[in-house]
Amino acid sequence: EMPGAGPIPRATANELEGWIETLYAGKCIPEAAVLQLCKKATEILIEEGNVVGVPVPVTVVGDIHGQLHDLIELFNIAGKCPDTNFVFLGDYVDRGYYSVECATLVVALKVRWPSRIWLLRGNHESRQITQVYGFYDECLRKYGSATVWETFTKLF
C-alpha cells in the first residue's frame, strides 16, 4: 500500500488539468494530489504490462534529472500531450533543482493521457540513488516529510 493512500477521491479532468498547468508553471502541487496521482499511475502501469507497442511518430526523451525548464522547452519544441506521443527513458529526478516537479509532471501526463506517454524507470528511480543524489532531500525540503519521496519510490 502506498503511504498516505487509501480512500483518496478521484481527480476530475479539470483538477488534473489544473495540476498539470501548475506544474508547467514550475510550482509544486499539494501533497494529497501527488499521492493521488501516484496511486492512479500505479494502477495504469500495472495494467500496461512490461512490453508495449508504441504508436509512431513518437518523441523519445532521455535523462531529465530535475531540469524542469529543459523539459518545458522540449514540450515547446516537440509539442505537448496529447498532440505528441512520448517515451521517457527514466532518470526524471536527482541533480537538478526541480526533480519533484519533473517527476510529478510526467506522472500527471501519464495519468491524463495514458495512451500517449510511456514511462520507463532509469537507474535514478531507486531508493538508494535518490537518497544520495538529491531527490530525497528535495522532497523533505518542499513537502516537510518523506511521504512524497516514499510514494514516488514505490511507484518507481
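For the structure, check the block above.
Residues numbered from 1 in each chain as written. Predicted model: local features only at pLDDT ≥ 70, side-chain atom pairs only at ≥ 80, totals over all residues. Heavy atoms only, no water.

Okay, the environment of Gly 66 next. Here Gly 66 shows up in the loop between strand S1 (59-61) and helix H3 (68-78). By relative accessible area, Gly 66 is classed as buried at 0%. The spatial distance from the C-alpha of Gly 66 to the C-alpha of Ala 103 is 7.8 Å, given a sequence separation of 37 residues. (Helix = DSSP H or I, 4+ residues; strand = E, 2+ residues; numbered from the N terminus. Buried < 20%, exposed > 50% of the residue type's maximum accessible area, 1.4 Å probe, protein only.)

Here helix H2 (residues 31-48) spans 25 Å end to end across 18 residues, near enough to the 26 Å set by a 1.5 Å rise per residue. Turning to H2, its buried residues number three or more, namely Ala 33, Val 34, Leu 35, Gln 36, Leu 37, Cys 38, Ala 41 and Ile 44. Of the surrounding secondary structure, the elements contacted by the buried residues of H2 are helix H1 (13-24), helix H4 (99-112), helix H6 (135-143) and helix H7 (147-155). Downstream of H2 by one or two residues, Gly 49 has phi in the positive range, about 90°. (Expected span 1.5 Å × (residues − 1). Contact = heavy atoms within 4.5 Å.)

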